Amino acid sequence: MRKKTELFLINGVPMLAPDSEVGMSYEDLDSADSGRDESGVMHRIPVRYKVGVWSFSYSHLTQEEKQYMESLFPDSADFAFTHPSRRDAATPEVTRAYRSKYAISWKNARTGLWSNYGFQIIGC
């Protein structure tokens, strides 16, 4: 089994280390009442700042690795996601989050290999 990483935890349990870069992006969320007036001036009504999205991908997994990763994600609305802080990567931060855009391919049923495993973790 591949190594685990303490940089990313799901409910306190380490994820397997991805074999490619982890994408991170942050977005402010504005109220539905935000928008431009008749003169074109933008009026923002932010409701949340810097909501994070983390993208993970694994080119291949064994059956054991796939089962481990899937066991991390509860059948619930959200979970505690520990990740490096956006301001200081040496400082861990915990965010309520959920998993989205989950995808995987069954590469070889005989050998139990899986490929193109990917998902996003999105801050609540």
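Predicted model only: the values in this text are computed from it and were never measured.

Engineer: How would you explain the overall build of the chain if you had to name every residue and give the values?
Structural biologist: Per the secondary structure count, the chain includes 1 helix and 9 strands. Listed by position from the N terminus, the elements making up the chain come as β-β-β-β-β-β-α-β-β-β. Rg of the C-alpha trace for the chain: 18 Å, well past the compact-globule value of 14 Å for 124 residues, more than 25% over. The principal-axis extents of the C-alpha atoms in the chain amount to approximately 65 × 30 × 25 Å. A sequence separation of at least 24 residues applies to 58% of the contacts in the chain between residues at least 6 apart. Put simply, the chain shows about 7700 Å² of open surface, and 51% of that area lies on carbon and sulfur atoms. A distance of 6 Å separates the average location of the 15 positive side-chain charges in the chain from that of its 16 negative side-chain charges.

Engineer: An account of the pattern of salt bridges is needed here, citing residue identities and associated values.
Structural biologist: What the rule picks out here adds up to 6 salt bridges. Salt bridges linked by common partners bring Arg2, Asp19 and Glu65 together as one network.

Engineer: Provide a residue-level description of helix H1 (residues 63-72), including the pertinent values.
Structural biologist: For H1, the set of buried residues is Glu65, Lys66, Tyr68, Met69 and Leu72. All buried residues of H1 project into a common sector of 160° when viewed along the axis, lining one side.

Engineer: Before we move on, can you summarise the environment of Ser20 with the specific residues and values?
Structural biologist: Note that Ser20 resides in the loop between strand S2 (13-16) and strand S3 (23-30). In this structure, the C-alpha to C-alpha distance between Ser20 and Ile104, residues 84 residues apart in sequence, is 15 Å. Polar side-chain contacts of Ser20 include one of 2.7 Å to the side chain of Ser57.

Engineer: Residue-level account of the nonpolar core, with values.
Structural biologist: Among the nonpolar cores identified, the biggest contains 20 residues, and Met15, Phe56, Tyr58, Met69, Phe81, Phe119 and Ile121 are the most heavily contacted of them. Breaking this core down by element, the ones donating at least two residues are strand S1 (4-10), S2, strand S6 (46-62), H1, strand S7 (79-84) and strand S9 (113-123). Ignoring sequence-local partners within four residues, the contact set of Met15 consists of Lys4, Thr5, Phe8, Ile10, Phe56, Tyr58, Met69, Leu72, Phe81, Phe119 and Ile121.

Engineer: Run through unusual backbone geometry, naming residues and quoting values.
Structural biologist: Residues other than glycine seldom take positive phi values, yet Asn11 does so here, at roughly 50°. Mapped onto the elements of the fold, Asn11 is located in the loop between S1 and S2.

Engineer: An account of the sheet that holds strand S8 (residues 92-108) is requested, with residue identities and associated values reported.
Structural biologist: Across the sheet, which stays open at both edges, the 7 strands sit in the order S2-S1-S7-S8-S9-S6-S3 with antiparallel pairing between neighbours. The open sheet has two edge strands with one neighbour each: S2 and S3. Between one strand axis and the next, the sheet turns through 40° on average, direction left out of account. Here S6 pairs with S9 via 9 bridges, running antiparallel. Paired with Trp54 across the bridge in S9 is Ile121.

Cut-offs and rules
Residues numbered from 1 in each chain as written. Predicted model: local features only at pLDDT ≥ 70, side-chain atom pairs only at ≥ 80, totals over all residues. Heavy atoms only, no water. Helix = DSSP H or I, 4+ residues; strand = E, 2+ residues; numbered from the N terminus. Rg over C-alpha atoms; globule rule 2.2 N^0.38 Å. Contact = heavy atoms within 4.5 Å. Areas by Shrake-Rupley, 256 points an atom, 1.4 Å probe, with all protein chains shown as cover. Lys, Arg positive; Asp, Glu negative; His and termini not counted. Charge placed at Lys NZ, Arg CZ, Asp CG, Glu CD. Salt bridge = Lys/Arg side-chain N within 4 Å of Asp/Glu carboxyl O. Buried < 20%, exposed > 50% of the residue type's maximum accessible area, 1.4 Å probe, protein only. Arc of directions from axis to C-beta. Polar contact = N/O pair within 3.5 Å; in protein donor to acceptor, adjacent residues only side chain to side chain. Core = buried A, V, L, I, M, F, W, Y, C linked by side-chain atoms within 4.5 Å. Pairing = 2+ DSSP bridges. Axes fitted to C-alpha atoms, helices over the stretch in contact; angles between N-to-C directions.

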